[in-house]
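Spelled out, the chains give:
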Amino acid sequence: MSYLFSARNTALIYFIDVISLYLLNLLSPEAVIEGQVSHIAWLPYSFIIAQLIALDRRSWLPLTGAVLTLFGLVFVQLPLSAIFILTLSILVPLILSCTLMRNIKGSRWNGGFFLRTSRSRIVLLGFVSPLLTKLMTYGAGLLYTDTPQLAHYFYSGTEIYLFTAILSMTLPALAFTPVLYSFNRLLFSSQGVRRRFKRQISAALNTLRCPGSRGIAWSALLITTVALFCYPVRNSFFAGYLVPFLFLIFIYGIVQFNSELMQYAWSATIFALLQFNQNFISSSDYAPLLVWLMSTIVVFTIANFWLTFIKRSHRAMLGIVHAISATDPLTGLPNIRSLEKRLIEQNGGALCYINMHNLYLLDKHYGLSMRLHIKRIIAAAFGGRPDLAYRIHTIPGCDLLFLLDTEHRESQLLALQQVLRDLVLSWKGRVYEMNYQLAWGHYHPSEEFNRFINKLARLAESAPEDDIVVALDEREAELAASIDRQWTLHAKVIESLKHSDILLYGQPIRTEQGEEYREILSRLRCGDEILTPDRFLPVIREFNLCEKFDLLVLEKSLCFLSKHFPGETRKRLSINIMPATLVKRGLGMKVIALFTRYRVATSCAVIEITEEQELLHSDNARENIDYLSRHGVKIAIDDFGTGMANYQRLKELKADILKIDGVFIKDILTCVVDQKIVRSICDIAKEKNMEIVAEYVETEEQRQCLSRLGVTWFQGYHIGKPVPCEP
């Protein structure tokens, strides 16, 4: 059955080939060279090449039959042997060239004329094959010297005639094969290939319209120029030597418009010029000028191919650049530019913002490497889920974005949470638990993209810890008001820091014997308003103002000591430094420089380290603490007992004072567990010769109980409320 089907196809191809070759033979431009009517572009030759490229071996049999039939119809009185030799002279060099290219390029050597117009194809089919054909016909001419009908092919006259004969095959092989290749693809390919090919042609034609008036102007200029060259009235101004002007037109066209379309336009233009060549080659020396024109066309056709190749390579390179620009090179994840492009293409969509607050702290302490490592782990986790992998996108900073499918939003949010819950995030042998907050919303291209992302980020940051997923659509008005308040507060904080409008309050820390020093609690003054730490500290942390704020507080505190306690050596003040400040390289030197500037003894101040696990593994933090300790500054561990790895911190950090967090103090009278914890802390601290401070002491009974457990210093409202350091 397959054999019969193949036979039908071969017969159909043969029938189409006979008609096509016969019509092309009639349309082939001719000229009189040395008294002989000769083809200057034998179009059947380009059709044969095009079909060999399009159909490969399937075309050998029908082409052989069709060429024999063509020569039998054209040269009716020739003997069959001459027709057979002439057919072999045409087909054998071309088939050998195609076979050689198949061996060089592989089975897909003919995978597209425009995509694979290589040097080997130009050389073998455009030059080697015509030369071999001419040699074979020259040899045949020695056998048929008395057959004038074969003069077109077997005549071996002067050099001009020889060049014309070779160029009559080289020129169509290069200039007309693209059009006839497309014709063969449309005829003999499958329905899907034909539809795709038609779309490509339609897209090529659209390039003339897309740039606006440029495409129309270019088309009008080309048509007008060709019409003037081919006008049937001789005019010395529009002569053959002005043909290079056409080359400039096509160079512009190749650069500006679709290169495949330019191949078709070039073929049509060359056909018109050659068909009406006597109208613009007005010279008594007709043959040399015609050979020059044919050679020039061949050269520019090759240049045309080369320009097309360069443009295609440039376009491919741009595609690679665009692909690279849409991917974060450090994590391998699609970036925010890629996401914005996708949202515009699909006219909006649902987005989920993944906030990782822990990663902000880790990034501050460990730097870029830690952040990239965590994101790579997340990318690998999503890589194992093909339904989710292409939807995760990275953004600058520590967070991620996830593109939701609107129809399956709920299931994708659940899958997203499951992937994040199952993640094991480790760094240098330590496992870290990440806290995720998800905020999603619907984005429309009419809204500014960065503003929308900012709203999602704010919503995720402000979401309650027990509400893992929040929807922007339900809280947009509330969020907008919150953002306005946040920016207003930010402006106030910046203005206060700019003018050093910091108020110092002191809360006493006292022993039973009455020895006392004060912890500095700061406030910000914004005009007539006083901002408490619970309002301004989140802004300071968010906008990375921790170091500036802490150093301002320290400077004001040292200025107060210099003014009111000159020459004092006993400890007088305890000053908090945030973790984000302590991990800054060189902080210790800045602190000691302030002590030196205000001539305050380092023994007068205590530096309190706010409880943060990450300080334990920060080299900068250790170096700063060691530097301060060597210069006589006492170090206090604040809020001890909360968080994680506290005993490890107690073991590794060089500290002088231990402050027990109030969570263990408020129920100390009734909770036996709290009493045991406090006693344990006191025992360990005493082993390290550390002073112990109990915070949030509210009653005398609490103070007495704590004293029995081993606490020596007390702080809280029972001891004294914060009061301004300056009246």
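Everything numeric here is computed off the predicted structure, so don't read it as measured data.

Rules used in this analysis
- Residues numbered from 1 in each chain as written.
- Predicted model: local features only at pLDDT ≥ 70, side-chain atom pairs only at ≥ 80, totals over all residues.
- Heavy atoms only, no water.
- Helix = DSSP H or I, 4+ residues; strand = E, 2+ residues; numbered from the N terminus.
- Buried < 20%, exposed > 50% of the residue type's maximum accessible area, 1.4 Å probe, protein only.
- Contact = heavy atoms within 4.5 Å.
- Areas by Shrake-Rupley, 256 points an atom, 1.4 Å probe, with all protein chains shown as cover.
- Axes fitted to C-alpha atoms, helices over the stretch in contact; angles between N-to-C directions.
- Parallel < 35°, antiparallel > 145°, perpendicular 65-115°, else oblique.
- Left-handed = near helix turned anticlockwise from the far one by under 90°.
- Pairing = 2+ DSSP bridges.
- Salt bridge = Lys/Arg side-chain N within 4 Å of Asp/Glu carboxyl O.
- Patch = residues over 30% accessible without salt bridge, like charges linked within 9 Å, V, L, I, M, F, W, Y side chains within 5 Å.
- Phe/Tyr/Trp six-rings, centres within 6.5 Å; stacked < 30°, edge-to-face > 60°.
- Lys NZ or Arg CZ within 6 Å of the ring centre and 35° of its normal.
- pLDDT = per-residue confidence, 0-100.
- Expected span 1.5 Å × (residues − 1).
- Core = buried A, V, L, I, M, F, W, Y, C linked by side-chain atoms within 4.5 Å.
- Arc of directions from axis to C-beta.
- Polar contact = N/O pair within 3.5 Å; in protein donor to acceptor, adjacent residues only side chain to side chain.

Description of the overall build of the chain
1) Next: Secondary structure assignment for the chain yields 29 helices and 19 strands.
2) Next: Out of the 727 residues belonging to the chain, those deemed buried represent 50%.
3) Next: Put simply, of all contacts in the chain between residues at least 6 apart along the chain, 71% involve residues at least 24 apart.
4) Next: Surface summary for the chain: the accessible area is close to 35,200 Å², and the carbon and sulfur share equals 59%.

Overview of the packing of helix 11 (residues 244-256) against helix 12 (residues 259-275)
1) Next: At their nearest, the axes of helix 11 and helix 12 sit 10 Å apart, and the two run at 165° to each other. It follows that helix 11 is roughly antiparallel to helix 12 by the angle criterion. Judged by the twist between their axes, the crossing of helix 11 over helix 12 is right-handed. Every residue of helix 12 that contacts helix 11 at Leu246, Phe247, Phe250, Gly253 and Ile254 is listed here: Met262, Ala265, Trp266, Thr269 and Leu273.

Considerations on the sheet that holds strand 8 (residues 436-443)
1) Next: If you trace the five strands from one edge of the open sheet to the other, you get 4-5-3-8-9, paired in mixed fashion. At either end of the open sheet lies a strand with only one pairing partner, and these are strand 4 (392-394) and strand 9 (469-471). Neighbouring strand axes in the sheet, compared pairwise and without regard to direction, differ in orientation by 25° on average.
2) Next: Two strands pair when backbone bridges link them, and strand 8 and strand 9 are joined in this way by three bridges, in the parallel orientation. Of the residues in strand 9, the one forming a bridge with Leu438 is Val469.

Examining the pattern of salt bridges
1) Next: Under the definition given, this model contains 17 salt bridges.
2) Next: Arg597 is paired through a salt bridge with Glu555; the nearest N and O atoms lie 3.0 Å apart. Of this pair, Arg597 sits in helix 25 (residues 587-597) while Glu555 sits in helix 23 (residues 546-564); the two residues are 42 residues apart in sequence, bridging distant segments of the chain.
3) Next: Here Glu695 and Lys659 are joined by a salt bridge, their closest N and O atoms 3.5 Å apart. Taken together, the residues span a long stretch of sequence, with Glu695 in the loop between strand 17 (691-694) and helix 29 (700-709) and Lys659 in strand 16 (residues 657-660) at a distance of 36 residues.

Notes on a nonpolar patch on the surface
1) Next: There is a patch of nonpolar side chains on the surface, built from Tyr14, Phe15, Ile19, Tyr22, Leu23, Leu26, Leu73 and Val74 and spanning about 740 Å² of accessible area.
2) Next: Elements supplying a minimum of two residues to the nonpolar patch: helix 1 (2-27) and helix 3 (60-74).
3) Next: With six residues, helix 1 is the single largest residue contributor to the nonpolar patch.
4) Next: For Ile19, the location among the structural elements is in helix 1.

Notes on the environment of Leu23
1) Next: Relative to the assigned elements, Leu23 resides in helix 1.
2) Next: Residue Leu23 is classed as partly exposed on the basis of its relative accessible area, which comes to 45%.
3) Next: A C-alpha to C-alpha distance of 9.9 Å links Leu23 and Leu70, two positions 47 residues apart in sequence.

A look at the environment of Cys559
1) Next: Here Cys559 lies in helix 23.
2) Next: Classification of Cys559 as partly exposed rests on a relative accessible area of 38%.
3) Next: Between the alpha carbons of Cys559 and Val600 there is a distance of 8.6 Å; along the sequence they are 41 residues apart.

Regarding the pairing of strand 13 (residues 573-577)
1) Next: A large share of strand 13 lies buried, amounting to four of its five residues.
2) Next: Both strand 11 (residues 516-526) and strand 13 contribute to a ladder of two bridges, which runs parallel. Residue pairing for strand 13: Arg518 is matched across the bridge by Leu573.
3) Next: Inspection of the sheet shows strand 13 paired to strand 14 (residues 605-609) by five bridges, in the parallel sense. Paired with Asn576 across the strands is Glu608, a residue of strand 14.

A closer look at the packing of aromatic side chains
Geometrically, a pair of aromatic rings is defined through the distance of the ring centres and the angle of the planes.
1) Next: Taken as a whole and judged by the stated rule, the model has 15 aromatic pairs.
2) Next: Relative to Phe300, the ring of Phe247 has its centre 4.4 Å away and its plane inclined at 5°; by these criteria the two rings are stacked. Of this pair, Phe247 sits in helix 11 while Phe300 sits in helix 14 (residues 286-325), placing them 53 residues apart in sequence. Each member of the pair, Phe247 as well as Phe300, is classed as buried.
3) Next: Arranged with centres 5.3 Å apart and planes meeting at 85°, the rings of Tyr443 and Phe449 form a pair that is edge-to-face. Residues Tyr443 and Phe449 agree in their burial class; the two are buried.
4) Next: Feature note: the residues Trp218, Phe247, Phe250, Tyr252, Phe257, Trp266 and Phe300 constitute an aromatic cluster, connected by ring pairs.
5) Next: The ring of Tyr505 has Arg523 lying over it, and the distance from NZ or CZ to the ring centre is 5.0 Å.
6) Next: If you follow Arg703 out to its NZ or CZ, it ends over the ring of Phe714, 5.7 Å from the centre.

Concerning the confidence of the model for the chain
Predicted coordinates in areas of low pLDDT are best not read in detail.
1) Next: Mean pLDDT for the chain: 82, with 84% of residues reaching 70 or above.
2) Next: Here helix 6 (residues 151-154) stands out as the least confident element of the chain, with mean pLDDT 53; strand 18 (residues 713-715) is the most confident, with 94.
3) Next: The model gives residues 1-5 a pLDDT under 50, and that stretch makes zero contacts with residues more than four places away or in other chains.

So, helix 23
1) Next: Over its 19 residues, helix 23 runs 27 Å from end to end, which matches the ideal 27 Å to within 8%, given 1.5 Å per residue.
2) Next: Among the residues of helix 23, Cys546, Glu547, Phe549, Asp550, Leu551, Leu552, Val553, Leu554, Ser557, Leu558, Phe560 and Leu561 are the ones counted as buried.

Concerning the nonpolar core
1) Next: With 79 residues, the main nonpolar core has Ile48, Leu171 and Leu246 as its most contacted residues.
2) Next: For this core, the element with the highest residue contribution is helix 2 (residues 43-55), accounting for 10 residues.
3) Next: Those residues in contact with Leu171 that sit more than four places away from it in its chain are Ala41, Phe176, Ile270, Leu274, Met294, Ile297 and Val298.

Section: helix 29
1) Next: Those residues of helix 29 lying buried are Gln702, Arg703, Cys705, Leu706 and Leu709. Buried residues of helix 29, viewed axially, fall in a sector of 165°; they line one side.
2) Next: Buried positions along helix 29 lie against helix 28 (672-687), strand 17 and strand 18.
3) Next: Two residues or fewer past helix 29, Gly710 is found with a positive phi of approximately 120°.

Side note on the packing of helix 25 against helix 26 (residues 619-630)
The description of two helices packed together rests on the angle between their axes and the distance between the axes.
1) Next: Orientation of helix 25 relative to helix 26, taken along the N-to-C sense of each, is 30°, at an axis distance of 8 Å. In terms of axis orientation, helix 25 runs roughly parallel to helix 26. Of helix 26, the residues touching helix 25 (which contributes Leu587, Gly588, Met589, Val591 and Ile592) are Asn624, Tyr627 and Leu628.

Some details on the side chain of Ser59
1) Next: Tracing the backbone shows Ser59 in the loop between helix 2 and helix 3.
2) Next: Residue classification places Ser59 among the buried residues on the basis of a relative accessible area of 0%.
3) Next: Here the side chain of Ser59 touches Asp56 through a polar contact of 2.7 Å, landing on its backbone oxygen.
4) Next: For Ser59, the contacting residues outside a window of four places in its chain are Gln51 and Leu52.

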